[in-house]
Amino acid sequence: MVNIFLIIVAVVIPALVALGSLYLIAYFQHPDDKNVAYFPKVIVILGITLAATSILMLPLDVANQGGKGGFPMDILWIVIYIVVAVFAIVICPFAMFFYESEEADPAAGSQIAGAFKGTFAILFAFVALTIVLYVFFGVAEIPTIVILSRFKIINYPLSTDSINITSTLPEIASIIGGGNDKIKLDPGNAELLGDGSEYVEYRLEKEFLQFRVSIALFIITMVAFFGWLLFIVFGGIGLVALPFDMISDFKNRPQRIPYDKYLERKKKIGERATELLEVGKTIQSRTTGGIMSKRDRRNYNRFRQAIFLLEEDYERLKISYKRQGGKVILYYAQFFGGFIALGVSLGWLLHIIIYMITAPEPFHPFLNSLVISLNNAWGFLGVIVYGLLSFYLLFCVVKGNFKFGLRLFFLFPIHPMRVGNTMMNAFLFNVGLILITSVSITHFCTMAFSQFTSTTSINSLFETAVKNLKILKWFWVVYIFAIFAMSILTAIFLFIKPKDKPARIHV
């Protein structure tokens with residue numbers, strides 16, 4: 001039977017997320033992008049809405065109660081994840097390449113052609129890798145135990161679960177010819193059987209049921225796999241860096257300074273700006289036809305990192321003198337927010353230790369108990385807490401990516417999100433990152449809240465097929481440990497080197 005309330009919720013929530021995305025663009029966008037770049041803005045709104053919807057589908061799947069709510073969740077999950085893959089691999093890169101092409105490619109003749117070339121390269125690499133892996137490893141191996149026979153022992157006085165089949169049940173032993181390793185005692189229900197009956201099972205060794213998964217499911221697996229790699233690195237870093245930076249920013253907040261101190265610091269910032277201007281001209285002179293050497297690209301990434309930190313220092317200087325230190329209440333709000341974030345991060349790390357790592361017999365349900373209790377009290381409370389915890393992981397991914405780019409700038413340029421000063425390419429980069437990691441975060445939350453999601457379609461999809469694919473199944477064994485280890489390493493690193501410093505550029 002179709003649940004009308006669930007349908008209303010499924011329509012209203014994405015609409016609210018889309019409105020929130022529109023406000024996010026208006027609040028963060030750079031003045032140069034106002035009233036222009038409409039195509040990238042539409043992609044950003046749709047991408048954020050899609051990522052948020054894919055995460056919030058999990059509580060919808062729970063409320064659907066295995067199909068009783070009227071939603072074919074198994075089909076909806078496949079459809080939305082295929083759309084996520086198309087957005088993350090094709091649409092977002094195309095919009096980003098198009099936006100960053102300020103000048104037409106002389107060889108192609110237009111920005112659109114240049115954007116198509118970059119997008120095709122990414123798509124070709126993904127398709128080629130997917131086809132090769134699908135041919136060789138697109139088979140799921142489901143562990144099964146074959147039961148040869150099940151015996152019913154009538155009125156036999158068995159007092160323990162551990163029996164010696166040869167001495168206690170010689171008649172059965174002579175039939176099956178088995179030892180204790182092949183016998184499992186399964187006490188029956190006296191009320192149902194009425195005669196105190198007991199069951200004895202004769203089991204064969206574990207076998208694997210093999211079947212080739214659909215190409216659509218394997219594409220989802222590939223997106224989940226790459227999403228997990230990003231989530232392990234950026235999510236693990238962000239779980240520590242997000243509360244750390246919020247608290248550190250309060251400690252290092254702008255302080256009121258006199259005019260002479262302002263002039264002194266402004267002069268030093270001007271000298272740094274002059275040096276970076278010369279570096280930028282040198283890098284530009286070495287770039288021919290938009291092509292950079294490996295060394296120049298690393299220098300370009302260092303250059304962008306140094307520019308970002310220079311702009312941050314100048315903004316802090318203006319707040320210190322022209323705004324007399326700024327609004328103190330905002331810094332205190334950030335400070336308390338940092339402790340809240342610290343509590344959430346510690347909660348996630350503790351949940352990983354006492355529930356996820358110790359599965360299938362966890363030490364304590366922890367966050368499961370919280371979500372289930374709130375869900376039983378009032379359904380939306382459980383959904384709200386789940387949404388806050390899962391979206392916090394998305395924020396950690398974005399923060400971890402930014403922190404990673406600041407410290408390991410030789411790998412890729414940073415794409416910071418700053419209020420009133422964020423270009424659309426930074427929006428598109430972060431939306432693409434959020435999209436591809438939203439799949440892995442949903443998978444992570446499915447395991448983290450397994451008692452809450454035990455009857456869902458997505459749990460069956462991940463645990464039955466995706467988790468048992470050849471070769472790739474060994475990756476799923478270590479990824480939970482990897483997230484925890486990355487967080488610990490980040491905490492140690494930030495304790496040793498807490499401050500972001502400008503890179504040295506060798507041109």
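Cut-offs used in this document
- Residues numbered from 1 in each chain as written.
- Predicted model: local features only at pLDDT ≥ 70, side-chain atom pairs only at ≥ 80, totals over all residues.
- Heavy atoms only, no water.
- Patch = residues over 30% accessible without salt bridge, like charges linked within 9 Å, V, L, I, M, F, W, Y side chains within 5 Å.
- Areas by Shrake-Rupley, 256 points an atom, 1.4 Å probe, with all protein chains shown as cover.
- Salt bridge = Lys/Arg side-chain N within 4 Å of Asp/Glu carboxyl O.
- Lys, Arg positive; Asp, Glu negative; His and termini not counted.
- Charge placed at Lys NZ, Arg CZ, Asp CG, Glu CD.
- Helix = DSSP H or I, 4+ residues; strand = E, 2+ residues; numbered from the N terminus.
- Core = buried A, V, L, I, M, F, W, Y, C linked by side-chain atoms within 4.5 Å.
- Buried < 20%, exposed > 50% of the residue type's maximum accessible area, 1.4 Å probe, protein only.
- Contact = heavy atoms within 4.5 Å.
- pLDDT = per-residue confidence, 0-100.
- Expected span 1.5 Å × (residues − 1).
- Bend = angle between axes of the 7 residues up to and from the residue.
- Phe/Tyr/Trp six-rings, centres within 6.5 Å; stacked < 30°, edge-to-face > 60°.
- Lys NZ or Arg CZ within 6 Å of the ring centre and 35° of its normal.

Engineer: Lay out a positive patch on the surface with the relevant residues and their values.
Structural biologist: Where like charges cluster on the molecular surface, the positive patch consists of Lys261, Arg265, Arg316, Lys497, Lys499 and Lys501. Looking at where lysine 501 falls in the secondary structure, it is placed in the segment after α16 (475-496).

Engineer: Quick rundown of the nonpolar core? Include the residues and the values.
Structural biologist: Grouped together as the largest cluster of nonpolar side chains are 99 residues, with contacts concentrated most on Tyr81, Trp228, Trp348, Leu435, Phe444 and Phe449. For this core, the leading source of residues is helix α8 (residues 215-251), giving 16 residues. In this structure tryptophan 348 touches Leu239, Leu367, Leu389, Tyr392, Leu393, Phe444, Cys445, Ala448 and Phe449, once residues within four positions along its chain are discounted. Counting 11 residues, the second-largest nonpolar core is a separate cluster that includes Ile257, Val279, Leu317 and Ile505.

Engineer: How would you sum up the confidence of the model for the protein chain? Please name residues and give values.
Structural biologist: Summing up the model confidence of the protein chain, the mean pLDDT is 80 and the portion of residues at 70 or higher is 81%. Averaged pLDDT values for the elements of the protein chain fall to 36 in helix α7 (residues 190-193) and rise to 93 in helix α11 (residues 328-356). With pLDDT under 50 throughout, residues 103-108 is counted as low confidence; its partners more than four residues away or in other chains account for eight contacts. In this model, residues 171-197 is a region of pLDDT below 50 whose contacts with residues beyond four sequence positions or in other chains number 51 contacts.

Engineer: I'd like a description of helix α2 (residues 38-64), backed by residues and values.
Structural biologist: For α2, which comprises 27 residues, the first-to-last C-alpha distance of 37 Å matches the rise-based estimate of 39 Å (1.5 Å per residue) to within 8%. The largest bend in α2 amounts to roughly 30° and is located at methionine 57, with the proline proline 59 lying one to four residues further along. For α2, the tally of buried residues reaches 20 of 27 residues, placing the bulk of the element in the interior.

Engineer: So what's going on with the packing of aromatic side chains? Residues and values would help.
Structural biologist: Within a pair of aromatic rings, the relevant descriptors are the distance that separates the centres and the angle that separates the planes. Following the criterion strictly, the structure yields 27 aromatic pairs and no others. With a centroid separation of 4.9 Å and an interplanar angle of 80°, the aromatic rings of phenylalanine 335 and phenylalanine 339 are classed as edge-to-face. Residue phenylalanine 335 and its partner phenylalanine 339 are located together in helix α11, separated by four residues, close to a single helical turn. The partly exposed category is assigned to phenylalanine 339, whose relative accessible area is 42%. A cation over an aromatic ring shows up here: lysine 41 above the ring of tyrosine 38, its NZ or CZ 5.6 Å from the ring centre.

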